[in-house]
Amino acid sequence: MNTNVHPHSPATPLVLDIEGMSCASCVSRVEKALLRVPGVETASVNLATERATVSGGETEALLQAIEKVGYRGTLRQPDHDGYGGAHHHHHDQDAAILRRDVIMAAIPTAPLFALEMLGHLHMPFHMWLMSVASMEALYFAYFILASFVLFVPGLRFFRHGIPALLRGAPEMNSLVALGAGAAWLFSSVVTFAPQLVPAETRYVYFEAAAVIVTLILVGRWLEAIAKGRTGEAIQRLVQEQAKTARVERDGHVTELPIEAVRVGDVLVVRPGEKIAVDGEVLDGTSHVNEAMISGEPLPVSKSAGDTVIGGTLNTLGSFRFRATKVGGDTLLAQIIRMVEEAQGGKLPIQQTVDKITAWFVPAVMALAALTFAVWFVWGPDPALSFGFVNAVAVLIIACPCAMGLATPTSIMVGSGRAAELGVLFRQSEALQRLRDADVVAFDKTGTLTEGKPALTDLILDDDFSHDEVLALVAAAESRSEHPIALAILAAAEKAGLTLPAVDHFVSDPGHGVTATIGERRVQVGSARMMRDFDLSDFAPTLEQLADQGKTPVIAAVDSKIAAALVVADVVKPTSKAVIARLHAMGVRTAMISGDNKRTAAAIAAQLGIDEVHAEVLPADKVSAIKALRQRNRVVAYVGDGINDAPALAEADIGIAVGTGTDAAIESADVVLLGGDLKGVLDALTISRATMRNIWQNLFWAFGYNVVLIPVAAGILYPAFAILLSPMLGAGAMALSSVFVVGNAQRLRTVKGERT
């Protein structure tokens, strides 16, 4: 045990790996032990990840508390590369050990089961068997084979289960140890001291004990294999990290390990190479495949000034970039940490499950004792055998494993799949809350729209040509830093126009500019600035544009109106489709904007948004969220700017567009990487699919136990003469956990809107 003292603050919770947990009862026991440690504020234990997250307390005291209740805890250490250690799941190692034990158990169990069952089912075989070996010799052989199965590959059940039972805290291993151990012990008494039991009950159950252990080992082996797959999303993210980087040092390009890269280093990326760390392009052009980060299938164009992300794949071009974030600060490392935190968290529904499962194992043991007593007192002869077999069946068929795995396995797979689609759930609770969202509210600028003005239309007077006017106006605006000027310049550049030289330039802030270009006088400005001109021909068009929320700029050349240039904050290409899809999913939509009511209403009408809150100052966005929450509606808010941070925090579910600011992302419950609003649909789809999967798992886990435990106790015997063999119970119990973990794997196939 690690005895170093590590006091820590609640702001930086400890993560402890825990060995030996097998069921929901173990989770409850460890959590209670941790919460009793002085200074601990919160403790959450996850069966699927086999980890505990603890706020407060000292490491030594926490590890001692875990050890006292029969488990082993170790402090999780981060990797040297800063990518976190949680991706090193040990399920593969567990699966290898369990596979070995299954083989060791199956080899002696097969002949034991075959000899005993064939002897019962086929009388000629039974007669032949009696002719070659005495009953005493057979029983002794059965004893040897079953003892090997129980106390070599099956020793784990006794090593963990019996001490837990003696501490008064029984768990899954205790049930198996009691059931299989009781069958072995009773059979051993019949074999070596038959006079101690009535003659009519002198049956052996060695084959049942061996088959029980073997089947449960098979179940745990399959469960370990399936558990290993739950962490594959993180494994794939980790594997995306480049191992080396080509760094410029002392005038030469040197290939260095990724750990040697420092902030400020200049790196060279060739075609087909992975980008090593986050950075900013210095020179060169290329297209980078960022699908592993954002879920976007198409490569993104990169040139000087653009940012690149570590782990993404360069395609055709080559470029140099300066490292801005390395190690644990890179976006890939942050994504891995966020996914791990979400996978290790608990949903509100899990709290109810924990309360039920806390008493499950003791209740099963009490029910097994009651079953034995009822059969022994009121059962038919041989009552002792009936009572014994049915009590063992009750112990063996109960499956708290499935109940404990039902929620966390779905969370692990669901949040991992979301990360693959470019959606990060920063808190696992958001998985449950988002499913219940009644309203999705959007910030307008930069979320529904591109966030910067663009030239959308150029309405010409008949005496002028398109390229002529655009070139003159762009030249006049070339000395202005106004966003409208930048939009016009970008349009001219996109059209491939050559701008003439400007001889004289005057700016009238808030109104427009006047420039002399060669022998031509160009005036560009608002309708107010151009009131001295006759705008009657453009008046209907200008009115119509204003209704559409667009801003017209009037251009005059040589004192004659030449054109109206229409500039607007362009709606993102996917916004309308996203709104329509949300409506199809039964979710209302809203827009919160600082724009005037006319512009906001125009944008909302264009997109089909249900509710509009316009002229909302940044400080008032929280009030708008509260207004939307009336009538007990659950509100999700999507935003990207600093002024969205309070609204993101106030909303029931805050969704930050990943291309936005750090403040917005830190305030959110969900982060959309890449900035595509289709991520909102992916997040909602994953949330609904995960919660549906959890309910399926819980229905199976609880339904299985509610239905089959009474059957194992013999409830069907009086009416139908049906009893459940302990061997069948062991098979059903093993399959129960495998079903739950396997069902969670179906979340890996959830389709995203961008794939």
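Residues numbered from 1 in each chain as written. Predicted model: local features only at pLDDT ≥ 70, side-chain atom pairs only at ≥ 80, totals over all residues. Heavy atoms only, no water.

**Examining the overall build of the protein chain**
- Looking only at helices and strands, the protein chain has 28 helices and 25 strands in total.
- Relative to the 2.2 N^0.38 estimate, which gives 27 Å for 755 residues, the radius of gyration of the protein chain is 35 Å and therefore markedly larger than a compact globule would have.
- Based on the C-alpha atoms only, the size of the protein chain along its principal axes is roughly 125 × 65 × 55 Å.
- Burial statistics for the protein chain: of 755 residues in total, 53% are counted as buried.
- Considering only intrachain contacts with a sequence separation of at least 6, the fraction spanning at least 24 residues in the protein chain is 70%.
- Total accessible area on the protein chain stands at roughly 32200 Å², and carbon and sulfur atoms take up 59% of it.
- Here the protein chain contributes 62 positive and 78 negative side-chain charges, whose respective centroids are spaced 5 Å apart. (Helix = DSSP H or I, 4+ residues; strand = E, 2+ residues; numbered from the N terminus. Rg over C-alpha atoms; globule rule 2.2 N^0.38 Å. Buried < 20%, exposed > 50% of the residue type's maximum accessible area, 1.4 Å probe, protein only. Contact = heavy atoms within 4.5 Å. Areas by Shrake-Rupley, 256 points an atom, 1.4 Å probe, with all protein chains shown as cover. Lys, Arg positive; Asp, Glu negative; His and termini not counted. Charge placed at Lys NZ, Arg CZ, Asp CG, Glu CD.)

**What about the confidence of the model for the protein chain?**
- Scored by pLDDT, the protein chain comes out at a mean of 84, with 92% of its residues at no less than 70.
- Segment residues 80-88 is flagged for pLDDT under 50; beyond a separation of four residues in sequence, or across chains, it makes 28 contacts in the model. (pLDDT = per-residue confidence, 0-100.)

**A short note on the packing of helix α12 (residues 348-357) against helix α15 (residues 400-420)**
- Between α12 and α15, whose axes approach to 10 Å, the crossing angle comes to 170 degrees. Classified by the angle between their axes, α12 and α15 sit roughly antiparallel to one another. Here Ile349, Gln350, Val353, Ile356 and Thr357 of α12 lie close against α15, whose contacting residues are Met403, Thr407 and Pro408.
- Counted by class, the contact of α12 with α15 contains five nonpolar, three polar and no charged residues. (Axes fitted to C-alpha atoms, helices over the stretch in contact; angles between N-to-C directions. Parallel < 35°, antiparallel > 145°, perpendicular 65-115°, else oblique. Nonpolar A, V, L, I, M, F, W, Y, C, P; charged D, E, K, R; others polar.)

**Some words on a nonpolar patch on the surface**
- There is a patch of nonpolar side chains on the surface, built from Leu367, Leu370, Val374, Phe376, Val377 and Trp378 and spanning about 630 Å² of accessible area.
- Its place among the elements puts tryptophan 378 in helix α13 (residues 360-378).
- The class of tryptophan 378 is exposed, set by a relative accessible area of 69%. (Patch = residues over 30% accessible without salt bridge, like charges linked within 9 Å, V, L, I, M, F, W, Y side chains within 5 Å. Salt bridge = Lys/Arg side-chain N within 4 Å of Asp/Glu carboxyl O.)

**Regarding the domain arrangement of the protein chain**
- Partitioning the protein chain into structural domains gives domain 1 (14-79), domain 2 (82-229), domain 3 (239-325), domain 4 (421-448 + 572-684) and domain 5 (451-570).
- Look at where the C-alpha atoms of domain 2 and domain 4 centre, and you get two points 57 Å apart. (Domains from an automatic or database assignment.)

**A short note on the UniProt feature "transmembrane region" (unreviewed entry) in the protein chain**
- Mapped onto this numbering, the UniProt entry gives "transmembrane region" (unreviewed entry) at residues 102-125, 137-155, 175-197, 203-222, 356-378, 384-407, 698-717 and 723-744.
- A distance of 24 Å separates the end C-alpha atoms of residues 175-197, which is 78% helix and 0% strand. (UniProt positions renumbered as here; feature names shortened; annotations may be inferred.)

**So, the packing of aromatic side chains**
- One pass over the full model with this rule turns up 18 aromatic pairs.
- Here phenylalanine 151 and phenylalanine 158 contribute two aromatic rings whose centre-to-centre distance is 5.2 Å and whose plane-to-plane angle is 45 degrees, an arrangement assigned as tilted.
- Relative accessible area serves as the criterion here: at 15%, phenylalanine 158 is assigned to the buried category.
- Among the aromatic side chains, those forming a connected cluster through ring pairs are Phe140, Phe143, Phe151, Phe158, Trp184, Phe192 and Phe206. (Phe/Tyr/Trp six-rings, centres within 6.5 Å; stacked < 30°, edge-to-face > 60°.)

**As for unusual backbone geometry**
- With omega at -5 degrees, the peptide bond leading from aspartate 381 into proline 382 counts as cis.
- Tracing the chain through its elements places proline 382 in the loop between α13 and α14 (383-397).
- Phi is positive for serine 559, which is not a glycine, with a value near 65 degrees.
- In this fold, serine 559 is placed in the loop between β19 (551-557) and β20 (560-571).

**Digging into the sheet that holds strand β3 (residues 51-55)**
- What the four strands build is an open sheet, ordered β2-β3-β1-β4; its pairing is antiparallel. Pairing within the sheet leaves two strands with one partner each, and these edge strands are β2 (42-46) and β4 (72-75). The sheet shows a mean angle of 25 degrees between the axes of neighbouring strands, direction not considered.
- Summarising the sheet, β2 and β3 pair through five bridges and their orientation is antiparallel. When the bridges of β3 are listed, threonine 42 appears paired with serine 55. (Pairing = 2+ DSSP bridges.)

**A look at the side chain of arginine 633**
- Tracing the backbone through its elements, the reader meets arginine 633 in the loop between α23 (621-628) and β23 (635-639).
- Classification of arginine 633 by relative accessible area gives buried; the value is 11%.
- Not counting the four nearest positions on each side in its chain, arginine 633 is found in contact with Asp438, Val439, Arg588, Glu611, Leu628 and Asp652.

**Observations concerning the nonpolar core**
- Judged by nonpolar contacts, the single largest core of 145 residues is most densely connected at Met21, Leu34, Phe425, Leu434, Phe442 and Val670.
- No other element matches the 15 residues that helix α26 (residues 678-713) contributes to this core.
- Once you skip the residues sitting within four places of it in the chain, valine 670 turns out to touch Val423, Leu424, Phe425, Ala430, Ile653, Gly654, Ile655, Ala656 and Ala683.
- Counting 28 residues, the second-largest nonpolar core is a separate cluster that includes Leu458, Leu470, Val513 and Ala563. (Core = buried A, V, L, I, M, F, W, Y, C linked by side-chain atoms within 4.5 Å.)

**Brief notes about the pattern of salt bridges**
- In the structure shown here, the tally under the stated rule is 23 salt bridges.
- With a closest N to O distance of 2.9 Å, glutamate 248 and arginine 320 form a salt bridge. Remark: arginine 320 occurs in strand β12 (residues 318-325) and glutamate 248 occurs in strand β5 (residues 244-249); sequence separation between them is 72 residues.
- Taking the relative accessible area as the measure of exposure, glutamate 248 reaches 29% and is therefore partly exposed.
- As a salt-bridge pair, aspartate 558 and arginine 520 come within 3.5 Å of each other at their nearest N and O atoms. One end of the pair, aspartate 558, is in the loop between β19 and β20; the other, arginine 520, is in strand β18 (residues 520-525), and 38 residues separate them in sequence.
- For arginine 520, a relative accessible area of 27% gives the class partly exposed.

**Points about helix α18 (residues 466-477)**
- Taking 1.5 Å per residue as the helical rise, α18 with its 12 residues ought to reach 16 Å, and the 16 Å between its terminal C-alpha atoms agrees with that figure.
- Across the 12 residues that make up α18, a large majority, nine, are buried.
- Those residues of α18 lying buried are Val469, Leu470, Ala471, Leu472, Val473, Ala474, Ala475, Ala476 and Glu477. (Expected span 1.5 Å × (residues − 1).)

**Quick notes on the pairing of strand β17 (residues 512-517)**
- The buried count for β17 comes to five of six residues, which makes it a mostly enclosed element.
- With five bridges connecting them, strand β16 (residues 504-508) and β17 associate as antiparallel partners. Across the sheet, the residue bridging to serine 507 is valine 513, located in β17.
- As defined by bridge partners, β17 adjoins β18 across six bridges and the pair is classed as antiparallel. Among the inter-strand pairings, threonine 514 is bridged to a residue of β18, identified as glutamine 523.

**A few points about the packing of α14 against α26**
- Across the interface, α14 lies against α26 with an axial gap of 8 Å and an inter-helix angle of 165 degrees. As summarised for this structure, α14 and α26 are arranged roughly antiparallel, according to the angle between their axes. Between α14 and α26 lies a crossing whose hand is right-handed. Contacts from Asn390, Ala393, Val394 and Ile397 of α14 reach α26 at Tyr704, Asn705, Leu708, Ile709, Ala712 and Ala713.
- When its residues are assigned to classes, the contact of α14 with α26 shows eight nonpolar, two polar and no charged. (Left-handed = near helix turned anticlockwise from the far one by under 90°.)

**Some details on the sheet that holds strand β21 (residues 588-592)**
- Within the open sheet, the seven strands sit side by side as β13-β25-β24-β23-β14-β21-β22. Their pairing is mixed. Where the open sheet ends on each side, the last strands, each with one partner, are β13 (423-425) and β22 (611-613). When the angles between neighbouring strand axes are averaged without regard to direction, this sheet yields 20 degrees.
- In the sheet, β13 pairs with strand β25 (residues 670-672) via three bridges, with the strands oriented antiparallel. When the sheet's bridge partners are listed, leucine 424 is paired in β25 with valine 671.
- Lying on the sheet, α26 is in contact with β13, β14 (439-443), β23 and β25; it crosses β13 at an angle near 50 degrees.

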